[in-house]
Amino acid sequence: MDAILYWNHVALEANKVSHSNGRNEQTGPTLSSRALAIVHLAMYDALAGVAADPATLPPYLPGLPAAPAAQPGTSAAAVAAAAHAALAALYPAQRAALDDAHRAAALEGAGISAGHAYGLAVARAMLADRADDPGAGDAGYAASMAPGAHRPDPDNPTQGYHGPFYGTARCFAVSARHALDAPPAPGSADYARYVRQVRGKGIAAELAATLLDPGLPADVVPRTPDEYVAGIYWGYDGAFGLGTPPRLYNQIVREVVRVRGGTEAEHARLFALVNAAMADAGILAWAEKYRHDLWRPVVGIREHDAAMGPAAAGGNPISSDCDPGWLPLGAPSSNALTRELTQTNQQYPCQHVRLGRPKNFTPPFPAYPSGHATFGAAALHTVRLFYGTPVGDRAPDLLFQEGGADLAFVSDEFDGRTADNLGTVRPRHARTFPGGLWQMIEENGISRVFLGVHWAFDAFALDAALAPDHAQTTIGGVPLGLRIAEDVWVTGNGEAPRRATV
């Protein structure tokens, strides 16, 4: 048994359950990515210590105790103890299931006791190393009332603010705290183009008929069925039974690993690199979110006129780019009716009931940059680098193929079991990506426009033809995620993450 893949699966299940059991342990995108990084770095250091091969498996944490000599079962027991101890500390409400997973690992061999003791020591050291990380709470934070600043979803007005101070955390593996240029400013011609794009592509289904208004600008174009599918396919917005985006991207990495194979040590390196990059994506994206503090489309479109909003000034007529009644399709409240039957107080995401059913929603943090875009680019570009894509390469790849044929990936949002917020089960959808992981990076980024919860520039800059260009830009979550992936990769010499000091 590959211990890394086994405990990666257990960790992803813990993420899913934590968004379903109402206990609010490591919920939301920031804490999810942090938890997955802690677990995978602990597993990596446990395996690397026993392997005693610092040239190819250098330790992540300094000052770890001496590892025991390798015997049958030593490495597997060390990985199991490190993963189990870290997960139990992060998800105490799931202790019984984690204990079951530990027993089911069926460890055996003369080195079990020594390996177990070493894995526990590694987990304690890893948890101690991250003990001072800020949480995701909003106590002490107040929103600006200025036009253009983020405020809560008016359709979910009590949702609060997720992670306003999380971006101050020490990073996991980058060598520098990467920042972004400012997005197009509200009121500019470029910004108006983005407003019109999401106004048509991201509108709530029940309001789609309003797009027939002859007074609308000509470039307000409706969403297509494929765009609808893409928006929901990449969702994982803390939904009941699904969890968060870092779980989704790990699922994709597992599929790549299934096809390409590899050793346990290679998998330890890969998942440590991927999850360290995503943890840094969470920290740096949230630092940028609250630095730029940009409103979401649900506020920006409804208040796209100086006569609207808390700082409103008198004036008529209202801009044709302003729609005070606009609502987004929204981040999908998948399986929400099931959630309503099993819990009533989930902190993230905050959901309410409209007409007797749970609502879709806009996430409770500023728009720019997109967390989805940053996490996805950081994770999937790390995989590209691991399998030989050169640093700086921004071209399609063949990494999501098997035997020369494109692989189909089934998102849990479209698996034939998950239901929408009305309780209707979505069909199973097998989606292919001829452009490989690069195509996934791009589609994942733009998908949030089709839900109406992001502007396109939250993912990447667009030219006049609405074609992405990530090569020379520092606008959006995709470029930020790419820079994080390449920094982690280069700083670690293509071997394993190095502990950050920034």
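Right, let's walk through the structure included here. (Residues numbered from 1 in each chain as written. Predicted model: local features only at pLDDT ≥ 70, side-chain atom pairs only at ≥ 80, totals over all residues. Heavy atoms only, no water.)

With respect to the packing of aromatic side chains
(1) Moving on: Inspection of the entire model under this criterion finds 18 aromatic pairs.
(2) Moving on: Seen in terms of ring centroids, Tyr-191 and Trp-455 are 5.4 Å apart; in terms of plane orientation they differ by 50 degrees. Their pairing is tilted. With Tyr-191 in helix H6 (residues 189–201) and Trp-455 in the loop between helix H13 (436–450) and helix H14 (477–491), the pair connects residues that are 264 residues apart, well separated along the chain.
(3) Moving on: Assessed through its relative accessible area of 0%, Tyr-191 is described here as buried.
(4) Moving on: Over the ring of Tyr-194 we find Arg-193; its NZ or CZ atom is 5.2 Å from the centre of that ring.
(5) Moving on: Taking NZ or CZ as reference, Lys-289 lies 5.1 Å from the ring centre of Trp-286, over its face. (Phe/Tyr/Trp six-rings, centres within 6.5 Å; stacked < 30°, edge-to-face > 60°. Helix = DSSP H or I, 4+ residues; strand = E, 2+ residues; numbered from the N terminus. Buried < 20%, exposed > 50% of the residue type's maximum accessible area, 1.4 Å probe, protein only. Lys NZ or Arg CZ within 6 Å of the ring centre and 35° of its normal.)

A few points about empty space enclosed by the protein
(1) Moving on: Tallied over the entire structure, the rule returns one cavity of 30 Å³ or more.
(2) Moving on: Along the wall of the largest cavity there are 16 residues; nearest its centre are Pro-29, Asp-237, Phe-365, His-372 and Arg-448.
(3) Moving on: If one sorts the elements of the lining of the largest cavity by residue count, helix H12 (residues 371–386) sits on top with three residues.
(4) Moving on: Residues of the lining of the largest cavity, tallied by class, amount to eight nonpolar, six polar and two charged. (1 Å grid on protein atoms, 1.4 Å probe; cavity = no way out; pocket = protein on both sides within 12 Å on 5 of 7 lines; lining within 4 Å. Points joined across faces, edges and corners; volume = space filled by probe spheres on them. Nonpolar A, V, L, I, M, F, W, Y, C, P; charged D, E, K, R; others polar.)

Some remarks on unusual backbone geometry
(1) Moving on: In this structure, the amide linkage connecting Asn-316 to the following residue, Pro-317, adopts the cis form with an omega of -10 degrees.
(2) Moving on: The residue after Tyr-368, namely Pro-369, is reached through a cis peptide bond having omega -5 degrees.
(3) Moving on: One can find Pro-369 in the loop between strand S2 (357–358) and H12.
(4) Moving on: You will see that Tyr-236, though not glycine, has its phi angle at about 50 degrees, which is positive.
(5) Moving on: Mapped onto the fold, Tyr-236 is located in the loop between helix H7 (225–233) and helix H8 (245–260).
(6) Moving on: Residue class for Tyr-236 comes out buried when judged on its relative accessible area of 0%.

As for the packing of helix H1 (residues 3–18) against H8
For any two helices packed against each other, one specifies the crossing angle of their axes together with the interaxial distance.
(1) Moving on: Packing of H1 against H8 leaves a shortest axis separation of 10 Å and a crossing angle of 155 degrees. If you check the angle between H1 and H8, you find them roughly antiparallel. Both H1 and H8 take part in a crossing whose hand is left-handed. Residues Leu-5, Asn-8, His-9, Leu-12, Glu-13, Asn-15 and Lys-16 of H1 form the contact with H8, whose own contacting residues are Arg-247, Asn-250, Gln-251, Arg-254 and Val-257.
(2) Moving on: When its residues are assigned to classes, the contact of H1 with H8 shows three nonpolar, five polar and four charged. (Axes fitted to C-alpha atoms, helices over the stretch in contact; angles between N-to-C directions. Parallel < 35°, antiparallel > 145°, perpendicular 65-115°, else oblique. Left-handed = near helix turned anticlockwise from the far one by under 90°. Contact = heavy atoms within 4.5 Å.)

Here we look at the pattern of salt bridges
(1) Moving on: Applying the stated criterion across every chain, the model contains 27 salt bridges.
(2) Moving on: Across the salt bridge formed by Arg-193 and Asp-190, the nearest N and O atoms sit 3.8 Å from each other. Taken together, the residues span about one helical turn, with Arg-193 and Asp-190 both in helix H6 at a distance of three residues.
(3) Moving on: Residue classification places Arg-193 among the partly exposed positions, given a relative accessible area of 23%.
(4) Moving on: Since its relative accessible area comes to 44%, Asp-190 is described here as partly exposed.
(5) Moving on: The partner of Glu-443 in a salt bridge is Arg-431, and the shortest N-O contact between them spans 2.8 Å. Here the residue Glu-443 occupies a position in helix H13, and Arg-431 occupies one in strand S6 (residues 431–432), the gap between them amounting to twelve residues.
(6) Moving on: With a relative accessible area of 14%, Glu-443 lands in the buried category.
(7) Moving on: Judged by its relative accessible area of 7%, Arg-431 is buried.
(8) Moving on: Within the structure, one salt-bridge network assembled from shared partners comprises Arg-34, Arg-130 and Asp-133. (Salt bridge = Lys/Arg side-chain N within 4 Å of Asp/Glu carboxyl O.)

A look at the nonpolar core
(1) Moving on: With 142 residues, the main nonpolar core has Trp-7, Leu-87, Ile-252, Leu-437, Trp-455 and Ile-484 as its most contacted residues.
(2) Moving on: Ranked by residues supplied to this core, first place goes to helix H9 (residues 264–292) with 16 residues.
(3) Moving on: With residues near it in sequence (within four places) discarded, Ile-484 still touches Val-174, His-178, Ala-277, Asp-280, Ala-281, Leu-284, Thr-374 and Ala-378. (Core = buried A, V, L, I, M, F, W, Y, C linked by side-chain atoms within 4.5 Å.)

Looking at the side chain of Asn-275
(1) Moving on: The residue Asn-275 is located in helix H9 in this model.
(2) Moving on: Within the structure, the side chain of Asn-275 is placed 3.0 Å from the side chain of Asn-250, a separation counted as a polar contact.
(3) Moving on: Among all residues touching Asn-275, those that are not within four sequence positions of it are Ser-33, Leu-36, Ala-37, His-40 and Asn-250. (Polar contact = N/O pair within 3.5 Å; in protein donor to acceptor, adjacent residues only side chain to side chain.)

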